[in-house]
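Spelled out, the chains give:
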Amino acid sequence: MSIEVENISVQFGGVHALKDISVRVDPGRIVTVIGPNGSGKSTLFNSITGLVAVDQGTVCIDGQNLARVPAWQRIGRGLARTFQTPRFDPRVCVEDAVLCGFYPVSRAGILGAMLRLPVVARQERAFSAACDRILDDFGLDGLRHASLGELPMGMVRLVEVARAIANKPRYLLLDEPAAGLTRAEQQLLSSEIRRIAASGVGVLLVEHNFAMVRSLSDHTVVLDRGALLAQGHPEELMRDPAFVAAYLGSSTPGLSGAQPSIGTTL
Ligand SMILES: Nc1ncnc2c1ncn2[C@@H]1O[C@H](COP(=O)(O)OP(=O)(O)O)[C@@H](O)[C@H]1O
Ligand SMILES: [Mg+2]
């Protein structure tokens, strides 16, 4: 049981977005992917979710090769993701955005929904109760009727994470979910991510804030121009001079005060 990405390469014209990259995400673990802009982090997510076809290598979920499984069917294999740039209609309210996350698992079919069969009403009540719990967990309860267009981007990202977990995924891929969040929102998001992982979900997270990476990660993969620069537990990486020099800046008297060299923050 795991996501196993093995030796994948992806090329866009002359750009090698990923070169021979392997990553494994086990249930209940938090794996982070870090690296400067353009290093291939989102392409890795797109390769797993099927939005990008890999040129070489394999992506397996729970032992099954996804090569012939289209993106829309991968949701049924227990995958959920958020996008680096959230894709929402600004007129949709928070509650409806989160409710949308339930419908990929709806068993009610279009005809059943049109005929308002009892099974549909029961399912909608269950979705609504689960949605209430998620809104409460994420501190979004007071905003349930706010339209997404009115909210700061940080809050929209939280809504996207809330929508992604509605479907009870076994694996959750979060692409820079903390970008633009206030410190309090980041802490809320971190504790949600921990709680989601503790419930057995495997989490793959792209994050620039190294303090958050350190506090959350079981394992960190460092990409640089599509290639693997280093990997390990964040504390191990902090003891690796090559990583520190390349990622955090070499003129660091003590890492807690390190000035990041490529756009990360401690
Ligand atoms: N759909 C695409 N078409 C062409 N080039 C792409 C596409 N997606 C990503 N790239 C290129 O691949 C490289 C890696 O991009 P990306 O995975 O978005 O990096 P990151 O998420 O680490 O910032 C970049 O050079 C980017 O311009
Ligand atoms: Mg990206």
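In this numbering scheme, every chain counts its residues from 1 along its sequence in written order. Chain letters and ligand numbers both follow the written order, the letters beginning at A and the numbers at 1. Local features in this predicted model are restricted to residues of pLDDT 70 or higher, and side-chain atom pairs are both shown and tallied only at a pLDDT of 80 or more, whereas totals for entire chains, interfaces and linings draw on every residue. Excluding hydrogens and water, the side-chain figures rest on all heavy atoms present in the structure.

Caption draft 1: Structural context of the sheet that holds strand β5 (residues 64-65). Paired strands are those between which DSSP finds at least two bridges. Secondary structure counts use DSSP, requiring at least four H or I residues in a row for a helix and at least two E residues in a row for a strand, with both numbered from the N terminus. Ordered in space as β2-β1-β4-β5, the four strands form an open sheet in which the pairing is antiparallel. Edge positions in the sheet fall to β2 (15-25) and β5, since each has one partner strand and no second. Examined bridge by bridge, strand β1 (residues 3-12) and strand β4 (residues 56-61) share five bridges and lie antiparallel to one another. Pairing of Ile-3 across the sheet is with Ile-61, part of β4.

Caption draft 2: A look at the sheet that holds strand β6 (residues 79-81). Pairing is mixed across the open sheet formed by six strands, whose spatial order is β6-β7-β8-β3-β9-β10. Single-partner strands in this sheet number two, and they are β6 and β10 (227-232). In this sheet, adjacent strand axes meet at a mean angle of 15° when their direction is disregarded. Pairing analysis gives five bridges linking strand β7 (residues 171-175) to strand β8 (residues 202-206), with the strands arranged parallel. If you follow Asp-175 over to β8, its bridge partner there is Val-206. Throughout, a contact is declared for two residues whenever any of their heavy atoms are within 4.5 Å. To get an axis, fit a line to the C-alpha atoms, keeping to the stretch in contact for a helix; angles then go from 0 to 180 degrees between the N-to-C directions. On the sheet, helix α1 (residues 41-49) packs against β3 (30-34), β6, β7, β8 and β9 (219-224) and is oriented at approximately 150° with respect to β7. Set on the sheet, helix α7 (residues 183-198) makes contact with β3, β7 and β8; between it and β8 the angle comes to about 150°.

Caption draft 3: Expanded view of the coordination of the magnesium ion (ligand 2). The protein atoms that coordinate the magnesium ion (ligand 2) are Ser-42 (OG) and Gln-84 (OE1), at distances of 2.1 Å. In this pair, Ser-42 is assigned in helix α1 and Gln-84 in the loop between β6 and α3 (94-100), connecting sequence segments 42 residues apart. Burial classes: relative accessible area under 20% of the type maximum marks a residue as buried, over 50% as exposed, and values in between as partly exposed (1.4 Å probe, protein chains only). Relative accessible area serves as the criterion here: at 21%, Ser-42 is assigned to the partly exposed category. On the basis of relative accessibility, which here comes to 32%, the residue Gln-84 falls in the partly exposed class. Donor atoms are limited to N, O and S found within 2.8 Å of the metal ion, a distance that becomes 3.2 Å for Na, K and Ca. With water left out, some sites might look partial.

Caption draft 4: Seen up close, the nonpolar core. The criterion is simple. A nonpolar core is a set of buried Ala, Val, Leu, Ile, Met, Phe, Trp, Tyr and Cys residues joined through side-chain atoms within 4.5 Å. Formed by 39 residues in total, the largest nonpolar core has its most connected members in Phe-102, Ile-193 and Val-203. Counting residues per element, the ones that place at least two in this core are α3, α5 (118-137), α6 (153-166), β7, α7, β8 and α8 (210-216). Sorting elements by how many residues they give to this core places α6 first, with nine residues. Among all residues touching Phe-102, those that are not within four sequence positions of it are Phe-127, Ala-130, Cys-131, Ile-134 and Ala-166. Membership of the second largest hydrophobic core comes to 26 residues, among which are Ile-3, Phe-45, Val-59 and Val-206.

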